[in-house]
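Structural characterization, general
Given next are the chains, with one letter for each unit.
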Amino acid sequence: MKKTDRRVHRTRELLQKALIELISKRGYDAITIQDIVDRANVGRTTFYQHYSSKDELFISCHEAIVSEFPLYPLSREELLSPEAPPGIISAYRHLEDARALLYRIFQGKDSLLILRRIRDWSAQAIKASLRTSFSEADSTIPFDVLANYLAGAQIALVLWWLEKRQPDTPENLAQTFHRLQRAAIRDAFGLRDGE
C-alpha cells in the first residue's frame, strides 16, 4: 500500500511541476494537457487517473503550496492579534517570489474559475478557524458570509497588488490584510479593545 501511495504522490508532483514550468514559459491559457503529460513524461491516461482537467491540476498546485504555510487554522489569539501571524507573512513572501507567474495565471481566460476555487478553498479554511475560536451564535454575521467576505477580500487585495505592480513589501501586505481581517472579526463579535 505504501508503494502505491509514493507512486501516486510522485506522479502528482511530476504533473504539478510540469504545469508550473510550462506556465512560466508560455502562460496558462496556451498549455494543453498533452503539453503537461509530455513535460512530465507520463501518459494521458495517467493524467486522467489523477486529475479531470488542467484547472483541477492547478488547484492541486495551489493546495500543495498553501499546505507548506501554517495559514489556517488560526487560534483566537492569532486572529485577534495586532500583528499578522508568521504563517500569513510567509505566505505573502511566497506570493512575492511567484508574482510574475501568478500575474500570468490570473490574466488568463480561465482565471475566474481558478480564483473562484481558490476563494472557496480559502473560505473553508477561514471558516474552520472561526469555528475553533468562536461560537457562531455570538456573531452578528453568519460564518459562511464572514469567511467568504474575508477570502474574497484577500484575493482582491492580492490581485490589486499584482495588477498595479504595487511596491508594497509582502510583510506590509500581510499586515494590511490581517488588520482588515481582524477588524471584520472584531466587528462581527462586537469586541472592544482589550477583548
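Bear in mind that the values here come from a model prediction, so they are computed numbers and not experimental data.

A separate point is the overall build of the protein. Helix and strand counts for the protein stand at 10 helices and zero strands. Along the protein, helices and strands appear, N-terminal first, in the series α-α-α-α-α-α-α-α-α-α. If one aligns the C-alpha atoms of the protein with their principal axes, the spans along those axes are about 60 × 45 × 25 Å. Taken over 195 residues, the protein has a buried fraction of 46%.

This next bit is on the side chain of Ser129. By secondary structure assignment, the location of Ser129 is in helix H8 (residues 111–133). The exposure class of Ser129 is buried, given its relative accessible area of 1%. From its side chain, Ser129 meets the backbone nitrogen of Leu74 in a polar contact 2.7 Å long. Aside from chain neighbours lying at most four places away, what touches Ser129 is Tyr72, Pro73, Leu74 and Leu79.

Tallying each qualifying case throughout the model produces seven salt bridges. A salt bridge links Glu171 to Arg93, with the nearest nitrogen and oxygen atoms 2.7 Å apart. With Glu171 in helix H10 (residues 170–188) and Arg93 in helix H6 (residues 86–97), this residue pair connects regions lying 78 residues apart in the sequence. When the shortest N-O distance is used, the salt bridge between Asp144 and Lys127 registers 2.4 Å. Note that Asp144 is positioned in helix H9 (residues 143–163) and Lys127 in helix H8, a separation of 17 residues in sequence. According to the relative accessible area criterion, Lys127 is buried, its value standing at 11%. In the salt-bridge network here, residues are joined through shared partners; they are Lys17, Glu21 and Arg39.

Here we come to H8. Taking 1.5 Å per residue as the helical rise, H8 with its 23 residues ought to reach 33 Å, and the 33 Å between its terminal C-alpha atoms agrees with that figure. Every buried residue of H8 is listed here: Ser111, Ile114, Leu115, Ile118, Ser122, Ala123, Ala125, Ile126, Lys127, Ser129, Leu130 and Ser133.

What follows concerns the nonpolar core. Core analysis: the biggest nonpolar cluster contains 59 residues, and Leu19, Ile36, Phe58, Phe106, Phe134 and Ile185 have the highest contact counts within it. Per element, the largest residue contribution to this core is 11 residues, and it comes from H9. Once residues lying within four places of it in the same chain are set aside, the contact partners of Phe134 are Arg76, Leu79, Leu80, Phe143, Ile185, Phe189 and Leu191.

Per the stated rule, a full pass over the model turns up five aromatic pairs. With 5.2 Å between their ring centres and 85° between their planes, Phe47 and Tyr48 make a pair best called edge-to-face. In this structure Phe47 comes out as buried when scored by relative accessible area, which is 0%. According to the relative accessible area criterion, Tyr48 is partly exposed, its value standing at 42%. Geometrically, the ring pair formed by Phe143 and Phe189 is edge-to-face, given 6.0 Å between the ring centres and 65° between the ring planes. With a gap of 46 residues between them, Phe143 in helix H9 and Phe189 in the segment after H10 connect regions that are remote in the sequence. Of the two residues, Phe143 and Phe189, both sit in the buried class. Each member of the aromatic cluster is reached from another via a ring pair, and the members are Phe47, Tyr48 and Tyr51. Between the NZ or CZ atom of Arg99 and the centre of the ring of Trp161, over which it lies, the distance is 4.0 Å.

Procedures and definitions
- Residues numbered from 1 in each chain as written.
- Predicted model: local features only at pLDDT ≥ 70, side-chain atom pairs only at ≥ 80, totals over all residues.
- Heavy atoms only, no water.
- Helix = DSSP H or I, 4+ residues; strand = E, 2+ residues; numbered from the N terminus.
- Buried < 20%, exposed > 50% of the residue type's maximum accessible area, 1.4 Å probe, protein only.
- Polar contact = N/O pair within 3.5 Å; in protein donor to acceptor, adjacent residues only side chain to side chain.
- Contact = heavy atoms within 4.5 Å.
- Salt bridge = Lys/Arg side-chain N within 4 Å of Asp/Glu carboxyl O.
- Expected span 1.5 Å × (residues − 1).
- Core = buried A, V, L, I, M, F, W, Y, C linked by side-chain atoms within 4.5 Å.
- Phe/Tyr/Trp six-rings, centres within 6.5 Å; stacked < 30°, edge-to-face > 60°.
- Lys NZ or Arg CZ within 6 Å of the ring centre and 35° of its normal.

Interpretation note: all reported values are geometric properties and have no functional meaning in isolation.
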